[in-house]
Structures are given as C-alpha cells and as structure tokens.
Amino acid sequence: MSRLIVVSNRVNPPGGKGEESVGGLAMALAAALREYSGIWFGWSGATVPAFTGQLSMRRVDGVTVATVDLEESDYDEYYNGYANKTLWPLFHYRVDLTAYDRTFDEGYQRVNRRFAETLRPLIEPDDLIWVHDYHLIPMARELRRLGVKNRIGFFLHIPWPAHQLMVTLPSHKALVAALFDYDLVGFQTPEYATAFTEYVLAEAGGEVVSPGCLKAFGRTVQIGAFPIGIDAADFAEMVDTDQARLTHDRMVAHTVFRKLIVGVDRLDYSKGLEERFVGFERFLADNPDLRRDVLMVQVATVSREAVDSYQDIRTRLDALSGRINGEHADLDWNPLRCVNSTYRRDQLAGLYRAAKVGLVTPLRDGMNLVAKEYVAAQDPADPGVLILSRFAGAAGQMASALIVNPNSPEEISEALKRALTMPLAERIERWRALFDNVQREDVSAWRDAFVTALAASDKAKAAHALTS
Ligand code: ADQ
C-alpha cells in the first residue's frame, strides 16, 4: 500500500476520545490517518518574524506529523486574508463580505509555494499526496513546478459556488486552472461537482471527456463527489462514557419538565445562527401552549476572531438572544442560552443525547458533521428529531430529517413544533433511516473512496492521454 501524505492548513494530530477539537476537517483527518501510516504536513499554528522553512517532525499515534511556522505577513495575507476574507465568504455565497485584495492573492500564492518547497524533500516516489481545502488550491501546481510526479488529490470541504458567483473573483481562471494540476478533485456533493463542471465548460472552454473526467487548460482531471462522514461507531460508543453520561444527566436534570433543543457550531456567519434564533423566536411567539416546555441551548465556539465579520456576528447574536430572553423569560426560565466555550467530544455526545431536537440550519455548508453527530448520539428506543437546512451538503444524504429553508422563520418554527410533538413511531422510523446512512457513509468509507479513486486516477489519465 502506498504511503499517504496528507496536507492541510492546520495539523491536529489524532487524539483520544475526550480530546477537545473544533472543526470537522480535524475530526475527519484524525480518523483517516489512524489507518494509513503516513505523514501529516501543514502549518504549526505559530508565526515567526521571517520564514525559515524549518520543519518540525514528531510521531503521534503512529502518524508522522510535520509542521512549519509561517511568517506574520503570511498569516495576515494567506490565512486571515485570501482564505478567510476572500474564498470562505465567496464560496459560501457571501459576495457582500468578500474582500478582493491583490496582496491577499499574492500572500496565498507565496504560502502555497513555501509549503510545497518545505514538503518536497519528504516526498517519496510512491507516495499518494492528498491536499485538503480552500487554503491550498495551488499546492499541486507548486509541487509540479518542483518536479513532483506523484498522484496528487484535492478535497474541497466547503461548497463550490455557482458559476456566476465564481466569476466575481478577479483571478478566478488562474484558481480553477490550478485545480487541473491535480489527478483527482473531490467535492462534498454531486451538486458542487456539477457547479464546477458548469464553470469549466462555460468559462474555460473545457469539455467532459468521459463521466467524471474534464479537459481544460490543456490538461485533464478526474472529479467526483465524496460526501464526508463521521466516525459513527466511535461516536455512538462515546455516549456510554462517564463524561458523556455526566453531561447528559446534568442537562436532563437542568431541563426537567422541558424539552431541550440544541445547536452546536463554530461562530460563523455561514452557520445561520441569527436566522436560527429568529426562527426560534417565531416558534415562541406562535406557540404559547408549547413555549414554556422548551429550552434552546446554542453552543457557538468562537473562531477566526481576527476577521472583523466574525466579531460583528457575536455582537449581533448577543443582542438577539438578549431580545428573545427579555421578551419571553419568566422567573425560573430563560428560553435561550448561548455559550461560546469549546467542549470535549464526549461532552458533546452527552449533550446531543439529552436533546429532543437537533437544530442545524446553516445558510451554506459543505457538508455539516454536527447533523451526523447528533444522529449518531441518539437513543435508538427514544431518538430526538433532526431539523436540517436544505443548504447543508448533508441534506442530500439525510432526507429523513425535517428539511427547512433557514431563511424562513416560519419554516423553522413549524419544524420545531412538528419535531417537539412527533409521535415516537415516526421519530424511530426517521432516525433509523438517518443512522443507517451515517453508519454506512462514515469517515472510513469517505477516506477509502477518495484514496482508491486517487490511486486509480493517474492510470485513467494516462489511458486518456494515449487515446486522445
Ligand atoms: P466546519 O465548518 O468546522 O467544517 P462542521 O462540519 O459542522 O463544520 O464540523 C464542526 C466540528 O467541530 C464537529 O465535529 C463539531 O462537533 C465540532 N465542534 C463544533 N463546535 C464545537 C464546540 N463548541 N466544542 C467542541 N467541538 C465543536 C468544515 C466545513 C463543513 C464540513 C467539514 C468537514 O465547513 O461543511 O462538514 O469541514 O468536511
């Protein structure tokens, strides 16, 4: 079996069940690397005054972790800049928040070049290289420039935007051309793969050579949809740990006579937190008979604080939850609680288990792993109900959830009412269908599908080169 080199912006070595970890990418890669002996390469998370290219190597849980520090200006232009002020908002359909700044673009290219140069000496001829996410789109181009001939795959964890949005990016063609230096490009859903294909046909004069094989910019690339999953078995088992039980029992004791509605997200404008609060507010107003029977807990872990739009959202959410509690609170009850801490995975499992409703309403989301975790943590004999945004990639696999448009407070309100009053038999039937999918299309299935396709991709390319 070839060795696997995983490249991602941040490197979070695999940890134990109880480890704190925020970000679906970290969770998924930790599980993937447990099985393949290989190298995980990326940024250390530290900045230094001037870039040295000094690699720091260590062994963690059978995985070689290789990290490099970034220069302060790299961090501003590449990470806070192009990645999180340009690509993240644009790919989540927030053109209004997208910054078009040439220095960000230059910083982005520079860091990708630096990453490639630092990684180059570690690459052996048979290695498969798997690059992750929007921070590192030009990575293959930089590695090819350095003579790397290995199979290189790319997986995009976030949505691929519609063609008309993509062209608002001044350097859109160069960015897309860079993806043609990969052997395989994976998306979360068929919808994103289709959006990518439409762009290639319309803007780059490309063609579909065969199903899943595109030709443009004088090169071919395999593309496909690889919906990411969670380590479902591990998550379901975690519900029985002491920490999970403790959290579960605390929440149950706290919500006695009330039904708990839970949301767990990074504090990010793409997650639709404001719209969720407004939907909950509508529910409270529309259902005087039910409203005192519920408590909503939103865990919203602060992230990317250096980006202004992330500070703004926190202020707006505080104001909104103040308004809702001010309007509806009683002597012994506040309907909405929003906490900004990070919790251990086993604590989250206990929290999910205690909740009668999982409310997952992003405005755009590549996949959304919280929806899957919520399902995995439920009691099969008395499961809660998942309410899921149609704009989460997960909605394609989780049709048995109550699917809502997160922009409609009325739809959220009605779905909450339906979930809270749903008969046990219907809850069990829906949950079984959801859990079946979460179990079947788990993180191992995702990893195996991608790695198998990557291992096969250069042959497909070579075969194509011979026939064209
Ligand atoms: P994220 O945008 O980070 O991931 P998501 O898929 O929901 O979103 O994953 C979040 C992860 O962080 C979950 O595992 C969750 O348990 C954890 N988490 C969130 N808040 C936490 C808290 N307060 N304490 C502890 N853990 C917390 C990106 C894309 C997604 C895609 C994933 C994986 O934006 O669309 O699903 O990558 O590809």
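Everything below is about the structure shown above.
Since this is a predicted model, take the numbers as computed values, not measurements.

S.K.: I'm lost on the layout of surface pockets in this one. Help?
M.R.: Within this model, the second largest pocket holds a volume of roughly 320 Å³. Residue lining of the second largest pocket: 14 residues in total, with Thr-247, Arg-250, Met-251, Tyr-343 and Leu-351 positioned closest to the centre. Contributions of two or more residues to the lining of the second largest pocket are made by helix 9 (242–254), strand 12 (294–301), strand 13 (336–339) and helix 12 (345–354). Counting residues per element, the lining of the second largest pocket draws most heavily on helix 9, which supplies 6 residues. The residue inventory of the lining of the second largest pocket, partitioned by class, reads 8 nonpolar, 4 polar and 2 charged.

S.K.: How should I be thinking about the nonpolar core in this particular structure?
M.R.: For soluble globular proteins, nonpolar side chains are generally found buried alongside one another. Counting 91 residues, the largest nonpolar core has Phe-115, Met-139, Trp-160 and Phe-196 as the members making the most contacts within it. It is helix 2 (residues 72–91) that provides the largest number of residues to this core, a total of 8 residues. The residues that make up this core include at least three from each of domain 1 (4–229 + 444–460) and domain 2 (232–440). Apart from the residues lying within four places of it in its own chain, the contact partners of Met-139 are Val-7, Asn-112, Phe-115, Ala-116, Leu-119, Val-131 and Tyr-182. Core analysis: the next-biggest nonpolar cluster, separate from the first, contains 60 residues, Leu-184, Ile-230, Ala-395 and Val-443 among them.

S.K.: Got a minute to help me understand the pairing of strand 15 (residues 385–389) in this structure?
M.R.: On a regular strand, one side chain projects to one face of the sheet and the next to the other, so that they alternate. Extensive coverage of strand 15 is indicated by the burial of 5 of its 5 residues. Residues Val-385, Ile-387 and Ser-389 of strand 15 are buried on one face, and the alternating residues Leu-386 and Leu-388, pointing to the opposite face, are buried as well. Summarising the sheet, strand 14 (residues 357–360) and strand 15 pair through 4 bridges and their orientation is parallel. What sits directly across from Val-360, in strand 15, is Leu-388. In this view, the connection linking strand 14 to its parallel neighbour strand 15 by way of helix 13 (residues 369–376) has right-handed handedness. Of the strand pairs in this sheet, strand 15 and strand 16 (residues 402–404) are connected by 3 bridges, and their pairing is parallel. Residue pairing across strands places Ile-387 opposite Leu-402, the latter belonging to strand 16.

S.K.: I would appreciate a short explanation of the pattern of salt bridges in the present structure.
M.R.: Note that side chains of opposite charge can pair when their charged atoms are close. Applying the stated rule across the entire model yields 31 salt bridges. Residues Arg-114 and Glu-71 are paired through a salt bridge, measuring 3.3 Å at the closest nitrogen-oxygen approach. With Arg-114 in helix 3 (residues 102–119) and Glu-71 in strand 4 (residues 63–71), this pair connects stretches of sequence that are 43 residues apart. A relative accessible area of 17% places Glu-71 in the buried class. In this structure, Arg-102 engages Glu-106 in a salt bridge whose closest nitrogen and oxygen atoms are separated by 3.6 Å. With Arg-102 and Glu-106 both in helix 3 and 4 residues apart, this pair spans about one turn of that helix. When its relative accessible area of 40% is taken as the criterion, Glu-106 is described as partly exposed. Via salt bridges that share partners, Glu-71, Asp-74, Glu-77, Arg-110 and Arg-114 belong to a single interconnected network.

S.K.: What am I meant to see in the packing of aromatic side chains here?
M.R.: One pass over the structure, following the stated rule, counts 24 aromatic pairs. Each ring, one from Phe-41 and one from Phe-115, has its centre 5.7 Å from the other, and the planes form 80°; the classification is edge-to-face. Residue Phe-41 is found in strand 2 (residues 38–48), and its partner Phe-115 is found in helix 3; the two are separated by 74 residues along the sequence. Neither residue differs from the other here; Phe-41 and Phe-115 are each classed as buried. With a centroid separation of 5.2 Å and an interplanar angle of 65°, the aromatic rings of Phe-226 and Phe-450 are classed as edge-to-face. One end of the pair, Phe-226, is in the loop between strand 10 (219–225) and helix 8 (232–238); the other, Phe-450, is in helix 16 (residues 443–467), with 224 residues separating them in the sequence. Of the two residues, Phe-226 and Phe-450, both sit in the buried class. Ring pairs connect the aromatic residues Phe-91, Trp-160, Phe-180, Phe-187, Phe-196 and Phe-217, which therefore count as one cluster. The positively charged end of Arg-10 is found above the aromatic ring belonging to Trp-43, 5.5 Å away from the centroid. A cation sits over an aromatic face here: Arg-364 above Tyr-93, 3.8 Å from the ring centre.

What counts, and where the lines are drawn
Residues numbered from 1 in each chain as written. Predicted model: local features only at pLDDT ≥ 70, side-chain atom pairs only at ≥ 80, totals over all residues. Heavy atoms only, no water. 1 Å grid on protein atoms, 1.4 Å probe; cavity = no way out; pocket = protein on both sides within 12 Å on 5 of 7 lines; lining within 4 Å. Points joined across faces, edges and corners; volume = space filled by probe spheres on them. Helix = DSSP H or I, 4+ residues; strand = E, 2+ residues; numbered from the N terminus. Nonpolar A, V, L, I, M, F, W, Y, C, P; charged D, E, K, R; others polar. Core = buried A, V, L, I, M, F, W, Y, C linked by side-chain atoms within 4.5 Å. Buried < 20%, exposed > 50% of the residue type's maximum accessible area, 1.4 Å probe, protein only. Domains from an automatic or database assignment. Contact = heavy atoms within 4.5 Å. Pairing = 2+ DSSP bridges. Right-handed = clockwise from strand over helix to strand, strands pointing away. Salt bridge = Lys/Arg side-chain N within 4 Å of Asp/Glu carboxyl O. Phe/Tyr/Trp six-rings, centres within 6.5 Å; stacked < 30°, edge-to-face > 60°. Lys NZ or Arg CZ within 6 Å of the ring centre and 35° of its normal.

What is shown is where atoms sit, not what they do.
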